[in-house]
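Report on the structure
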Amino acid sequence: MASDVRLEPVSERNLESLLSVAAAEADPTDVMPPVEAPAGWSHARREAFREFHRASFAGMPGPTRTRMYAVLAAGEVVGVIRMTRCDEPGAVETGLWLGRSARGQGIGSAALRELLNEAAAAGMRRVVAETTPDNRGALSVLASCGAKLRETDGQVHAELCLDATPPAR
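Thresholds, definitions, all that
- The residue numbers shown here count from 1 along each chain, following its written sequence.
- pLDDT decides what is reported in this predicted model: residues at 70 or higher carry local features, side-chain atom pairs at 80 or more are listed and counted, and totals for whole chains, interfaces and linings draw on all residues regardless.
- The side-chain figures draw on all heavy atoms in the structure; neither hydrogens nor water molecules are used.
- Nonpolar core, defined: a set of buried Ala, Val, Leu, Ile, Met, Phe, Trp, Tyr and Cys residues in which side-chain atoms within 4.5 Å join the residues together.
- Between buried and exposed lies partly exposed: a residue is buried under 20% and exposed over 50% of the maximum accessible area for its type, with that area taken using a 1.4 Å probe on protein chains only.
- Counting from the N terminus, the helices are DSSP H or I runs at least four residues long and the strands are E runs at least two residues long.
- Any pair of N or O atoms that falls within 3.5 Å is considered a polar contact. Within protein, one atom must be able to donate a hydrogen and the other to accept it, and sequence-neighbouring residues count only if both atoms are side-chain atoms.
- The contact criterion used is simple: two residues touch if any of their non-hydrogen atoms lie within 4.5 Å.
- Computed over the protein atoms alone on a 1 Å grid, cavities are sets of points where a 1.4 Å probe fits but cannot get out and pockets are open sets with protein on both sides within 12 Å along at least five of seven lines; a residue lines them when it has an atom within 4 Å of a point.
- Grid points are joined across faces, edges and corners, and a volume is the space filled by probe spheres set on the points.
- Residue classes follow a fixed rule: Ala, Val, Leu, Ile, Met, Phe, Trp, Tyr, Cys and Pro count as nonpolar, while Asp, Glu, Lys and Arg count as charged, and any other residue, Gly among them, counts as polar.

Per an unreviewed UniProt entry, the chain goes by the name GCN5-related N-acetyltransferase and belongs to Salinispora arenicola.

Here's what the structure looks like:
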């Protein structure tokens, strides 16, 4: 399945599919910023999820400086990967989440490779990420794509340089 992974910008066309995956297979705190709402996937939290993603529809030139991509595996939406423009020119920060049923199959690594290609095509030279030392899935994805990892103060900082040839698809 990891060989059939592609990215599609998040839009009204795929937003409800994305919300369905998030509600069925992820914790709200893993897929969106915290909001004042009842626990779980309440109506208010679902609306906040939609608005959070709609805010990024303008992409990196827009107010959020973020392009969100739905991760599709075998044609089905399974999660999100994003890139957010950093203050440093030529650098973006990334983050990824996948529904539980899509984890552990190489989909995250394939999605990150696709994102690295998108970042290189957009003229970026560096992609960075942060996670925690206990997030084994994220660490595995980052390492498999050649990230340099360093741990400081309970956070793992990852850096992927794109100055060389962009990663193979």
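Having put the structure on the table, let's press on.
Let's shift gears to the nonpolar core. By size, the foremost hydrophobic cluster in this structure holds 29 residues, and its most contacted members are Val71, Ile81, Ile107, Leu112 and Leu160. Elements represented by at least two residues in this core include exactly β1 (5-9), β2 (66-73), β3 (76-85), β4 (91-98), α4 (107-121), β5 (126-131), α5 (136-144) and β7 (155-161). Looking at this core, the element that brings in the most residues is α4, giving seven residues. Grouped together as the second largest cluster of nonpolar side chains are 18 residues, Val10, Val21, Trp41 and Ala70 included.

Mapped onto the elements of the fold, glutamate 8 is located in strand β1. For glutamate 8, the side chain forms a polar contact with the side chain of asparagine 14, separated by 2.8 Å. Glutamate 8 has contacts with Arg13, Asn14, Met68, Tyr69, Ala70 and Leu72, leaving out every residue within four places of it along the chain.

Within this model, the largest pocket holds a volume of roughly 960 Å³. Lining the largest pocket are 36 residues, with Gly95, Leu96, Trp97, Asn135 and Ala138 positioned closest to its centre. Examining the composition of the lining of the largest pocket, we find that six residues originate from one element, β4, more than from any other. Considering only residue class, the lining of the largest pocket consists of 18 nonpolar, 13 polar and five charged. Quantified by volume, the second largest pocket comes out at close to 160 Å³. Lining the second largest pocket, in full, are Glu93, Arg126, Val128, Ala129, Glu130, Lys148, Leu149, Arg150, His157, Ala158 and Glu159. Contributing elements (two or more residues each) for the lining of the second largest pocket: β5, β6 (148-152) and β7. Among the elements that take part in the lining of the second largest pocket, β5 stands out by supplying four residues, more than any other. Partitioning the lining of the second largest pocket into residue classes produces four nonpolar, one polar and six charged.

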